[in-house]
Amino acid sequence: MDQDIAYKQLSMYMSALPPDHYDWGLRAIKSVLVVAGSLKRGDPGRPEDQVLMRALRDFNIPKIVTDDMPIFMGLISDLFPALDVPRKRDLQFEGHVKQSIVDLKLQAEDNFILK
């Protein structure tokens, strides 16, 4: 991983998001690197900045509370300007999640299903 990409990952974890709510320690950084490695092995032709952006975004979004989501996404876009990497989605799994939500008589909102 080149120094620019490493700097971006560290910048993400030293961001303005309240540290009381989130665990931005070494364990979290290691976990993102493991996810990034898995993504890179699954798509070896994808550039490293796209892999890291996807790993940071997709790994952390489930942990971010709704009020902090605009801040988090702003940080991602500041670190990776003009880079829009689509989420890797499992539509069959999402269908099962949606059906379970409906079975529980809850509202199946897209943001909840993606988390």
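As the structure is a prediction and not an experimental result, all values here were calculated from the model.

Student: Pulling in residues and values, what's your account of the packing of helix H2 (residues 26–42) against helix H3 (residues 48–60)?
Tutor: Put simply, H2 and H3 touch, their axes get as near as 9 Å, and they point 125° apart. Overall, the two elements H2 and H3 adopt an arrangement that is oblique. In the crossing of H2 with H3, the sense of the turn from one axis to the other is right-handed. Two secondary-structure elements touch here, H2 through Ala28, Ser31, Val32, Val35, Ala36, Leu39 and Lys40 and H3 through Glu48, Val51, Leu52, Arg54, Ala55, Leu56, Phe59 and Asn60.

Student: I'd love a proper account of the packing of H3 against helix H4 (residues 69–79), names of residues and values included.
Tutor: In contact at an axis separation of 11 Å, H3 and H4 are set at 175° when each is read in the N-to-C sense. Taken as axis vectors, H3 and H4 run roughly antiparallel relative to one another. Two secondary-structure elements touch here, H3 through Met53, Leu56, Arg57 and Asn60 and H4 through Phe72, Met73 and Ile76. Taken together, the residues of the contact of H3 with H4 sort by class into 5 nonpolar, 1 polar and 1 charged.

Student: How would you explain the side chain of aspartate 58 if you had to name every residue and give the values?
Tutor: Along the chain, the position of aspartate 58 falls in helix H3. Here the side chain of aspartate 58 touches arginine 57 through a polar contact of 2.8 Å, side chain to side chain. For aspartate 58, the residues in contact, after removing those within four places along its chain, are Arg87 and Lys88.

Student: Now, about the nonpolar core: what can you tell me, with residues and values included?
Tutor: Formed by 18 residues in total, the largest nonpolar core has its most connected members in Met53, Leu56, Phe72, Ile76 and Phe80. Listing elements by their share of this core, those giving two or more residues are H2, H3 and H4. In terms of residue count, H3 provides more of this core than any other element does, 5 residues in total.

Student: Explain unusual backbone geometry to me, using residue names and the numbers behind them.
Tutor: Positive phi, normally seen in glycine, also occurs at alanine 82, with a value near 60°. Its place among the elements puts alanine 82 in the loop between H4 and helix H5 (91–103).

Student: Could you give an account of the confidence of the model for the protein chain, with specific residues and numbers?
Tutor: Model confidence for the protein chain is summarised by a mean pLDDT of 82, while 80% of its residues fall at 70 or above. Within the protein chain, the lowest mean pLDDT, 66, falls on helix H1 (residues 3–13), and the highest, 92, falls on H5.

Student: How would you summarise the side chain of asparagine 60 if you had to cite specific residues and measurements?
Tutor: Tracing the chain through its elements places asparagine 60 in helix H3. Here the side chain of asparagine 60 touches leucine 56 through a polar contact of 2.8 Å, landing on its backbone oxygen.

Student: Run through the pattern of salt bridges, naming residues and quoting values.
Tutor: Going through the model one piece at a time under the given rule, you end up with 2 salt bridges. The salt bridge involving aspartate 43 is made with arginine 46; its shortest N-O contact spans 3.0 Å. Here arginine 57 makes a salt bridge to aspartate 58, at a shortest N to O gap of 2.8 Å. Summarising the burial analysis for this pair, arginine 57 and aspartate 58 share the class buried.

Cut-offs applied
- Residues numbered from 1 in each chain as written.
- Predicted model: local features only at pLDDT ≥ 70, side-chain atom pairs only at ≥ 80, totals over all residues.
- Heavy atoms only, no water.
- Axes fitted to C-alpha atoms, helices over the stretch in contact; angles between N-to-C directions.
- Helix = DSSP H or I, 4+ residues; strand = E, 2+ residues; numbered from the N terminus.
- Parallel < 35°, antiparallel > 145°, perpendicular 65-115°, else oblique.
- Left-handed = near helix turned anticlockwise from the far one by under 90°.
- Contact = heavy atoms within 4.5 Å.
- Nonpolar A, V, L, I, M, F, W, Y, C, P; charged D, E, K, R; others polar.
- Polar contact = N/O pair within 3.5 Å; in protein donor to acceptor, adjacent residues only side chain to side chain.
- Core = buried A, V, L, I, M, F, W, Y, C linked by side-chain atoms within 4.5 Å.
- Buried < 20%, exposed > 50% of the residue type's maximum accessible area, 1.4 Å probe, protein only.
- pLDDT = per-residue confidence, 0-100.
- Salt bridge = Lys/Arg side-chain N within 4 Å of Asp/Glu carboxyl O.

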